[in-house]
Amino acid sequence: MFFRKQKAVGNDNEPRETAPTVIGRDTTFNGTIESDGEVHVDGTVRGSVSARVCHVGATGQIEGDVLADDVYVRGRVSGPIRGHHVHLQSGARVDGDIVNQTIMIDNGAQLNGAVWRSDNPLGQEQTAPGQPTLSTAASPLFASSLWNRENDDFRPLQAIRPKR
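Keep in mind it's a predicted model, so treat the numbers as computed, not measured.

## Considerations on the overall build of the protein chain
Reasoning step 1: A tally of helices and strands in the protein chain yields one helix and 14 strands.
Reasoning step 2: Residues classed as buried in the protein chain amount to 34% of the 164 residues present.
Reasoning step 3: Just so you have it, the protein chain exposes about 11400 Å², and 49% of that area is on carbon and sulfur atoms.

## Digging into a nonpolar patch on the surface
Reasoning step 1: Judged by side-chain polarity, I103, I105 and V115 come together as a nonpolar surface patch covering roughly 220 Å² of accessible area.
Reasoning step 2: Mapped onto the elements, V115 comes out in strand 14 (residues 115–117).

## Let's talk about the nonpolar core
Reasoning step 1: Core analysis: the biggest nonpolar cluster contains 22 residues, and I62, V73, V77, I81 and L88 have the highest contact counts within it.
Reasoning step 2: Among the elements of the structure, strand 4 (38–41), strand 6 (49–56), strand 8 (66–73) and strand 10 (81–88) are those that each provide at least two residues to this core.
Reasoning step 3: The contacts of I81, once residues within four sequence positions are left out, are V66, V71, V73, V86, V94, D97, I98 and V99.

## Quick word on the environment of G47
Reasoning step 1: Looking at the secondary structure, you find G47 in the loop between strand 5 (44–46) and strand 6.
Reasoning step 2: Put simply, G47 and I62 are 15 residues apart on the chain and 7.3 Å apart in space, counted from C-alpha to C-alpha.
Reasoning step 3: Ignoring sequence-local partners within four residues, the contact set of G47 consists of G31, I62, E63, G64 and D65.

## Section: the pairing of strand 12 (residues 98–105)
Reasoning step 1: The pairing of strand 10 with strand 12 spans seven bridges and is parallel. The residue of strand 12 that forms the bridge with R82 is V99.
Reasoning step 2: Here three bridges tie strand 12 to strand 14, and the two strands are oriented parallel to one another. Directly across from N100, in strand 14, lies its bridge partner R117.

## Brief notes about the sheet that holds strand 5
Reasoning step 1: As summarised here, the arrangement of the six strands in space is 2-5-7-9-11-13, forming an open sheet in which the pairing is parallel. Edge positions in the sheet fall to strand 2 (28–30) and strand 13 (110–112), since each of these pairs with one other strand and no more. Looking at each pair of strands side by side, their axes are set apart by 5 degrees on average, direction ignored.
Reasoning step 2: Relative to strand 9 (residues 76–78), strand 7 (residues 61–63) is paired through three bridges, and the arrangement is parallel. In the strand pairing of strand 9, Q61 is matched with R76.

## Observations concerning the side chain of S118
Reasoning step 1: Structurally, S118 is set in the loop between strand 14 and helix 1 (134–137).
Reasoning step 2: For S118, a relative accessible area of 3% corresponds to the buried category.
Reasoning step 3: A polar side-chain atom of S118 sits 3.1 Å from the main-chain amide nitrogen of N120.

## With respect to the environment of I23
Reasoning step 1: Relative to the elements of secondary structure, I23 occurs in strand 1 (residues 21–23).
Reasoning step 2: Considered as a pair, I23 and G60 are 37 residues apart in the sequence and their alpha carbons are 8.5 Å apart.

## Regarding the pattern of salt bridges
Reasoning step 1: The tally for this structure, following the rule as stated, stands at four salt bridges.
Reasoning step 2: Across the pair R76 and D95 runs a salt bridge, and its minimum N-O distance is 2.9 Å. Placement of R76 in strand 9 and of D95 in strand 11 (residues 93–95) is noted, with a sequence separation of 19 residues between them.
Reasoning step 3: The salt bridge involving D95 is made with R93; its shortest N-O contact spans 3.3 Å.
Reasoning step 4: One continuous salt-bridge network, built from bridges that share partners, spans R76, R93 and D95.

Conventions adopted
- Throughout, a residue's number is its position along its own chain's written sequence, starting from 1.
- Per-residue local features of the predicted model are confined to residues with pLDDT of at least 70, and side-chain atom pairs are confined, for both listing and counting, to 80 or more; whole-chain, interface and lining totals are unaffected and use all residues.
- Note that the side-chain values use all heavy atoms of the structure and ignore hydrogens as well as water.
- To qualify as a helix, a DSSP run of H or I must reach at least 4 residues; to qualify as a strand, a run of E must reach at least 2; elements of each kind are numbered from the N terminus.
- Throughout, exposure labels follow a simple rule: accessible area from a 1.4 Å probe, protein chains only, divided by the maximum for the residue type, with under 20% read as buried, over 50% as exposed, and the rest as partly exposed.
- For the accessible areas, the method is Shrake-Rupley and the probe is 1.4 Å, while residue cover comes only from the protein chains on display.
- Each patch is built from residues lacking any salt bridge and having more than 30% relative accessible area; the joining distance is 9 Å for like charges and 5 Å for nonpolar side chains (Val, Leu, Ile, Met, Phe, Trp, Tyr).
- Any carboxyl oxygen of Asp or Glu that lies within 4 Å of a side-chain nitrogen of Lys or Arg is treated as forming a salt bridge with it.
- Here, nonpolar core means buried Ala, Val, Leu, Ile, Met, Phe, Trp, Tyr and Cys residues that are tied together by side-chain atoms lying within 4.5 Å of each other.
- Throughout, a contact is declared for two residues whenever any of their heavy atoms are within 4.5 Å.
- When DSSP finds two or more bridges between two strands, those strands count as paired.
- Interaxial angles span 0 to 180 degrees and are taken between N-to-C directions of axes, which are lines fitted to C-alpha atoms, for helices over the stretch in contact.
- Polar contact is the term for a pair of N or O atoms within 3.5 Å; when the atoms are in protein, one must be able to donate a hydrogen and the other to accept it, and sequence-neighboring residues count only if both atoms are side-chain atoms.

Below, the structure written as structure tokens:
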């Protein structure tokens, strides 16, 4: 009885709460941030951010792509955003396209880019061969065209000419 090990209090099966990763107001980070938890950006990040939840504060800036389940932007993002739930709060400025499942844009937020809805915004879309994919249209910095140039016969929008 005196030599028994003490059991840890709590359930070992529950995930442990971790402290969020914080990029402070006076910090500039160059590179890639990957986290299984939350990332709060109040400074500047030059590179990509991948996390479960990403918060960009009022003084925060991200110059690169953002990939997260939940994205909350109050500062500035220059690059594409991919997330299940994206919330652009008042004062936010996004220069890039957004691929999401749901989006909320508050008054005072600015968006310079396109919004793409997808049931699987974080993964690769499966389409038939020869068809353009959402991942092609939503590649980093969205440099590719909406039309598949390899197969010029397929175009998502056709010009309609009136009959005379």
